[in-house]
Amino acid sequence: MTRATGPDGSGQSAALDNLLTEDRAFPPSEEFAAQANAGAALYDEAAEDREAFWAGQADRLHWDTRWSQVLDWSDAPFARWFVGGRLNVAYNCVDRHVESGHGEQVAIHWEGEPGDTRTITYADLRREVSKAANALASLGLRAGDRVAVYMPMVPEAIFTMLACARLGVTHSVVFGGFSAEALRSRIDDAEARLVVTTDGQYRRGKAAPLKSAVDEAVQHTPSVEHVLVVRRTGGEVAWTEGRDLWWHELVDGQSEEHTPEAFDSEHPLFILYTSGTTGNPKGILHTSGGYLTQAAYTHHAVFDLKPDSDVYWCTADIGWVTGHSYIVYGPLANRATQVVYEGTPNTPHEGRHWEIVQKYGVSIYYTAPTLIRTFMKWGAEIPAKYDLSSLRVLGSVGEPINPEAWMWYREHVGGERCPIVDTWWQTETGAIMISPLPGVTATKPGSAMAPLPGISARVVDDTGAEVGRGGGGYLVLDQPWPSMLRGVWGDEQRYRDTYWSRFEGRYFAGDGAKYDPDGAIWLLGRVDDVMNVSGHRISTTEVESALVSHPKVAEAAVVGASDPTTGQGIVAFVILRGGSEGGDDVLAELREHVAHEIGPIAKPRQIMVVPELPKTRSGKIMRRLLRDVAENRALGDVTTLQDSAVMDLISAGLRGPS
Ligand code: WTA
């Protein structure tokens, strides 16, 4: 059997030939096009004068002081957008909508997992954010300080982010599914003064503790002065007097008035940690004016939001960048009415999402391919039981969406009438970069299609030359964009090395991509050692380090093997230390250890105990071969392998149940 090989020889593009014969296309309906926010002219406008185009987009925001220059790229790769401009991000997301007479509009329909609900209008949001800002200020937090947010999807998480933005405090949201150790390293790296958390969180119908992980983490984080705790589950918590504060005691009594101050366009808004190929997660830094401009513009154009009539729902968690840009900043800047759901999609039943769509009349729904494939597994009869006729735009993000899932989404969720926007972007890009525009683009199932107006992306070969139609290679961004990362927190060199050294003067995204014969872009997955498990980025080295930190493990190699539901699944090969037995209990212990070090999302799907690992003559682990083993494929080229008998040993040892 021959198979297509990705740019790294990984075989990630195995399905490529199928993709390239994909000739179904879905042009927009006339009715949709007639009312769409975006038109084809947007591409021409941006092509004519990119900076003027972005200046026009920045006018979506309220600036206290107008900028004097759109872009300063003289210190590339460090960009400054809307130079000299001053604004308050929270004012733009909250107050101005109240001032323009929309205070009674619902900002958030919050749906708790156990079924409790809260309705938060823009006027409520202004009160809550102002109180939280006053509370943070009372703790001595000032512009430039960092606050860690470790919370489930409760409204207070959003209030906290906006309160930080209001004060010029930089937030660092850490996904509530990460371990105490992962939280500790992120708090430490950012030197956060405050951690905001909850007593516990609801997951799959049960209350689980959360503050306990903060207690463990802050034992080793000298920067933390206080832990602010929202009561959510009412579970028991340990309490450190003086350090720990209840939200309802500190925040509820604060004044509902708070005057926002304008900050420089380049003032740091947030840090968000993401996995890279080496070492610790990187703190991706985003700033204010350019970030909010692109978040608002893309949310308007890609989702076609009509603030007076739409009900928008993005199913992401605020712990990821999608939650930052498409739950908090983009939608609120655009005065969206949105649904925020706390829990898991099958609690208490597998129709929960469709029940919510029906209940609130959701018109725009944005989710991840892994969830769509899960819905497919549960069966089309589940969404069929609900009235989904309010839906008019569907979005996808996080990993390549396979044409089967795309078609299923179109038929069983979108009733064959909703345009699907497959949006490619990254934590680093801050906002959507490549996507169809609904009402404009004739979409192909599985393709993100084309860079948005104002964005320039190309597919290049190993030497950096652009490939032609039908050609594949690496995705690069060859022009700066407003919501681009401004660096890696505390590590300027890592920023240059990771993103700007592979191809001179261009941003290397780490993704493989291909142009089809019509020039549409197809994303093919990561070309580096970053895995994508259910849309979550996890690096192979992170999991390897976690494994070798266990006393029974001598060596470990980790690969992402393709998985029908999660996109990739984590498969680990370990060499145990002399004397250790590789029984089921040890494997379970190792999986738990990884969960403890990183978080349950990083637990290997499978751990295989092996006598040796395949290495090149220079000692590099050949992950490609291990991926072949993990995916049960015939082995690829083993000629560079130091000892080719190793693979026979590994394969022999792996037949039979794992
Ligand atoms: C992948 C999530 C194909 C890609 C917003 C990227 C995608 C990584 C898509 C970023 C898509 C995201 N098609 N691949 N539509 N969207 N990816 O930082 O590999 O969590 O580099 O940002 O997800 O993941 P991150």
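Notes on the structure follow. (Residues numbered from 1 in each chain as written. Predicted model: local features only at pLDDT ≥ 70, side-chain atom pairs only at ≥ 80, totals over all residues. Heavy atoms only, no water.)

Details of the packing of helix α5 (residues 89-102) against helix α6 (residues 122-138)
To keep things clear, this is the line we draw: Structural elements are reduced to axes, namely lines fitted to C-alpha atoms, with helices fitted over the stretch in contact, and the angle between N-to-C directions of any two is expressed from 0 to 180 degrees. Strands here are runs of E lasting at least two residues and helices are runs of H or I lasting at least four, both read from the DSSP assignment and numbered beginning at the N terminus. In what follows, roughly perpendicular refers to angles from 65 to 115 degrees, roughly parallel to angles under 35, roughly antiparallel to angles over 145, and oblique to any angle outside these ranges. Crossing handedness is read from the near helix: turned anticlockwise from the far helix by less than a right angle, it gives a left-handed crossing, and turned clockwise, a right-handed one. Residue contacts follow a heavy-atom distance rule, with two residues in contact if any of their heavy atoms lie within 4.5 Å. Polar here means any residue outside two lists: the nonpolar Ala, Val, Leu, Ile, Met, Phe, Trp, Tyr, Cys and Pro, and the charged Asp, Glu, Lys and Arg; Gly therefore counts as polar.
Running from N to C, α5 and α6 point in directions that differ by 140°, and their axes come no closer than 9 Å. Taken together, α5 and α6 sit at an angle that is classed as oblique. When the axes of α5 and α6 are compared, the crossing they make is left-handed. For the pair α5 and α6, contact is made by C93, V94, D95, H97, V98, E99 and H102 and by Y122, A123, L125 and R126, respectively. Residue composition of the contact of α5 with α6, by class: 6 nonpolar, 2 polar and 3 charged.

Some thoughts on the pattern of salt bridges
The condition that has to hold: What makes a salt bridge here is a side-chain nitrogen of Lys or Arg within 4 Å of a carboxyl oxygen of Asp or Glu, nothing more. Partly exposed residues are those whose accessible area sits between 20% and 50% of the maximum for their type, while under 20% is buried and over 50% is exposed, using a 1.4 Å probe and protein chains only.
Under the defined criterion, the tally for this structure stands at 39 salt bridges. Measuring nitrogen to oxygen at the nearest pair gives 2.7 Å for the salt bridge that ties R193 to D145. Of this pair, R193 sits in the loop between α8 (180-190) and β8 (194-198) while D145 is found in the loop between α6 and β6 (146-150), placing the two residues 48 residues apart along the sequence. Between D516 and K444 there is a salt bridge whose closest N-O contact spans 2.8 Å. Placement of the pair is D516 in the loop between β24 (507-515) and β25 (521-526) and K444 in the loop between β20 (420-423) and β21 (457-460), with a sequence separation of 72 residues. Summarising the burial analysis for this pair, D516 and K444 share the class buried. Through salt bridges with shared partners, a single ionic network connects E111, R352, E355 and K359.

Quick notes on the sheet that holds strand β19 (residues 393-397)
Where we set the bar: Strand pairing requires that DSSP identify at least two bridges connecting the strands.
An order of β5-β4-β17-β16-β18-β19-β20 is seen for the 7 strands of this open sheet, with the pairing classed as mixed. Where the open sheet ends on each side, the last strands, each with one partner, are β5 (117-121) and β20. On average, each strand axis in the sheet is tilted by 20° relative to the strand beside it, whichever way the strands run. In this structure, strand β18 (residues 364-367) lies alongside β19, joined through 4 bridges in parallel fashion. Looking at the pairing, T367 lines up with S396 of β19. The sheet contacts of helix α14 (residues 369-378) involve β18 and β19, and relative to β18 the element is tilted by about 100°.

Some remarks on the layout of surface pockets
Formally: Detection works on a 1 Å grid of protein atoms alone, calling trapped sets that fit a 1.4 Å probe cavities and calling open sets with protein on both sides within 12 Å along at least five of seven lines pockets, with lining residues defined by an atom within 4 Å of a point. Grid points are joined across faces, edges and corners, and a volume is the space filled by probe spheres set on the points.
Volume-wise, the second largest pocket comes out at about 390 Å³. Contributing to the lining of the second largest pocket are 11 residues, with D529, K620, I621, R623 and R624 lying nearest its centre. Counted by class, the lining of the second largest pocket contains 3 nonpolar, 1 polar and 7 charged residues.

Observations regarding the packing of aromatic side chains
Each aromatic ring pair is specified by the distance between its two centres and by the angle formed by the two planes. For clarity, the threshold we go by: Two aromatic rings, drawn from Phe, Tyr or Trp (for Trp, its six-membered ring), form a pair once their centres lie within 6.5 Å of each other, and the interplanar angle then sorts them: stacked below 30 degrees, edge-to-face above 60, tilted otherwise. Charge-over-ring placement is defined geometrically: NZ (Lys) or CZ (Arg) within 6 Å of the ring centre, and within 35 degrees of the ring normal.
The tally for this structure, following the rule as stated, stands at 36 aromatic pairs. For the ring pair F270 and Y329, a centre distance of 6.4 Å and an interplane angle of 0° mean the geometry is stacked. Here F270, found in strand β14 (residues 268-274), pairs with Y329, found in helix α12 (residues 321-333); they are 59 residues apart in sequence, far enough to count as distant. Residues F270 and Y329 agree in their burial class; the two are buried. Between W313 and Y341, the aromatic rings sit 6.3 Å apart at their centres with planes inclined by 85°, giving edge-to-face as the arrangement. Remark: Y341 occurs in strand β17 (residues 338-341) and W313 occurs in strand β16 (residues 312-314); sequence separation between them is 28 residues. The class for W313 is buried, based on a relative accessible area of 1%. Given the relative accessible area of 6%, Y341 is considered buried. Members of the aromatic cluster, each reached through a chain of ring pairs, are F53, W54, W63, W67, W81, F82 and Y297. Lying across the ring of F178, R186 places its NZ or CZ 4.4 Å from the centre.

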